[in-house]
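Summary of the model geometry
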Amino acid sequence: MDPDYSAQDVARCDLCKTAIAQSYCDICHVNLCKPCIGEHISADYGKHIIVANHQRKSTLIYPKCETHQNKTCEYQCKHCNSILCSRCLASKQHNQEHEFLELEEVFSSKKEQIQNDTKDLENQILPAYEEIANDLKMQIASLDDEYKKLTTEMSKQREEIHREIDNAFDQMEKETGEIKMKHLSILQKHLDEIKQLQSLVKQTLLALNEIEEANEVSPTILYNSKIEEFSKLPAKVNISIPKFIPKQMEREELCSLIGKLIPLSTTQEERVFTARKTNTSVRELLDEPEVLKTIKTGHEKVRNITCLNEEHIWTSGETSEIKCFNIQGVLQKTIQTKLGNWPCDIAVDRDGALLYSDNVTWTVYKVKNDQTEEIITLQEWIPGYLCVTSSGDLLVTLCSYDNTHSKVVRYSNSTVKQTIQFDDEDQPLYYGNNRIKYISENRNLDICVADHGAGAVVGVNQAGKLRFRYTGHPSPTKNKPFEPRGITTDSESRILIADFDNNCIHILDTDGQFLRYIDNCDLKRPYGLCVDSNDSLFVCEFSKGDVKKIRYLK
């Protein structure tokens, strides 16, 4: 903006410096009041173009010709890009076979290109860089959790190895005690034998003393010497003390027993910029939404629904069966959960594989080609509701095992990328003592959670910063507390929430502001929601076991 002409101050004449300027010289770029116009154009009248202030800078300023003085260049050679005046063309100094363009035409074309480039930079390229920056910020924010998980695994291995080592030493100490008792028994037995022989020697010695002092002939002449017998000493028992020989271990050998830490690896993957298609038409809400189809699912209590594609939907209830229907309501496939528990929630990833969470086993499963695998298994947190994002990540609502804390975690495969739990004032974003928290990613990458226990819809941006909190809309006909269940978003970034107790759907704008209800479709206990690529709304009716397909946009 021109510093001499702004909304905060009127333009002053550049000649007299005091009067208000009503005009502008589009050649000299000066503001002029009416009295000063004559003075300004008194010399070289033809070289000035006076316009009203609102038309300022509307006249093109052509470059001066370097060859012909006082001539302006109004042409450009299409072949060599040289800028030429009319005399240059008439003098035939330039190759006459070249094609020439008027500078005004080139200027207009370039202006249009600049406008398009500005629009692309603002609406396409800059948001792409912001998305990359946000992704990096989320990776940085999740580093502590990732490395804590790594060190926790090491600590578990350390404890396991210590436990095994302690068990091994305890076993050796036990065996040492048993060997000691055996050693003691052998020595004690030998001592008892020596004491017995020692007693015989003493008895013999007493008998000899009596004979030696007596004068009787018979005992003396009948004496037989026992010296030879007693001179044969008992064999010596040699017992070696057990020895402990420590094993000398090299550092590499010890490390191989503990495990291996795979070092940090860095690779670069080429990013390909894909321009987003601009939605030029806004689909308005219908005054009277209409039910297009009612699908009988056969679920006793249908809770969850997700769109596989434009033609098929998955549904689940309070049984172990997950059913796939086409949009005509014909059952196509049934999958049984791995352990027979009913799924807390279901979702479909970008490859078309079915995901479901089990809050009994604390696991998220993936079903592809009829094979079921565990992709996320937790220990202190219970997985609840699922959302596959536009980038292919998986958002999972988690509740602590003691029902005191809740959070949202973003996974890439089974790796934690982001944790969303507290606001900027370190206050919990989500109510702890309730596990019903349906989740959806909006088209503007906001993360919206229908927090049943808090009676609110909580919206945060991609970085996890709180954007809005919606707690219902006053209505004389909706007299029961707002306790949301299912949540989904459409192509216009509108947010749709199932109001179970008031038998209706709330529609919010992208900022969490109430727009209207869907309450004319005879909904009974609406629960799970999803919107397909054509913005058709599918609503689970919990008690009836039906799914209604509703058109609510023009």
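Please read all numbers here as calculations on a predicted model, not as lab measurements. Starting from 1, residues in each chain are numbered consecutively following that chain's sequence as written. Owing to the predicted nature of the model, reporting of local features is limited to residues with pLDDT of at least 70; listing and counting of side-chain atom pairs is limited to 80 or more, with chain, interface and lining totals taken over all residues. Excluded from the side-chain calculation are hydrogens and water; included are all heavy atoms of the structure.

Secondary structure elements are defined from DSSP: runs of H or I of at least 4 residues count as helices, runs of E of at least 2 residues count as strands, and each element is numbered from the N terminus. Residue placement: Lys 366 occurs in strand β14 (residues 363–368). Remark: exposure states derive from per-residue accessible area (1.4 Å probe, protein chains only) relative to the maximum for the residue type, with buried under 20%, exposed over 50%, and partly exposed in between. On the accessibility criterion, Lys 366 (19% relative accessible area) is buried. If sequence neighbours within four positions are ignored, Lys 366 has contacts with Asp 349, Ala 353, Leu 354, Leu 355, Gln 371, Thr 372, Glu 373 and Ile 375. Pairs of residues are marked as contacts when any of their non-hydrogen atoms sit within 4.5 Å.

Before going further, it helps to spend a moment on the pattern of salt bridges. We define a salt bridge as a contact between a side-chain nitrogen of Lys or Arg and a carboxyl oxygen of Asp or Glu at a distance within 4 Å. A complete count under the given rule lists 21 salt bridges for this structure. One salt bridge in this structure joins Asp 135 and Lys 417, with 3.1 Å as the shortest N-O distance. Here Lys 417 lies in strand β19 (residues 415–420) and Asp 135 lies in helix α3 (residues 103–141), a separation of 282 residues in the sequence. Among the salt bridges present, the one from Lys 323 reaches Glu 321, with a minimum N-O distance of 3.9 Å. Among the residues examined, Lys 323 registers a relative accessible area of 9% and is labelled buried. One continuous salt-bridge network, built from bridges that share partners, spans Asp 135, Asp 393, Arg 410 and Lys 417.

Moving on: the nonpolar core. Nonpolar cores were defined as sets of buried Ala, Val, Leu, Ile, Met, Phe, Trp, Tyr and Cys residues, with membership established by side-chain atoms within 4.5 Å. Counting residues in each nonpolar core, the largest one holds 39 residues, and the members touching the most others are Ile 313, Tyr 430, Ile 439, Ile 487 and Phe 538. Here this core takes four residues from strand β21 (residues 447–451), the largest share from any one element. Excluding residues within four positions of it along the chain, Tyr 430 makes contact with Ser 406, Lys 407, Val 408, Ile 420, Lys 437, Val 449, Asp 451, Val 458 and Val 460. Ala 498, Ile 507, Leu 523 and Val 539 belong to the second-largest nonpolar core, a separate cluster that totals 15 residues.

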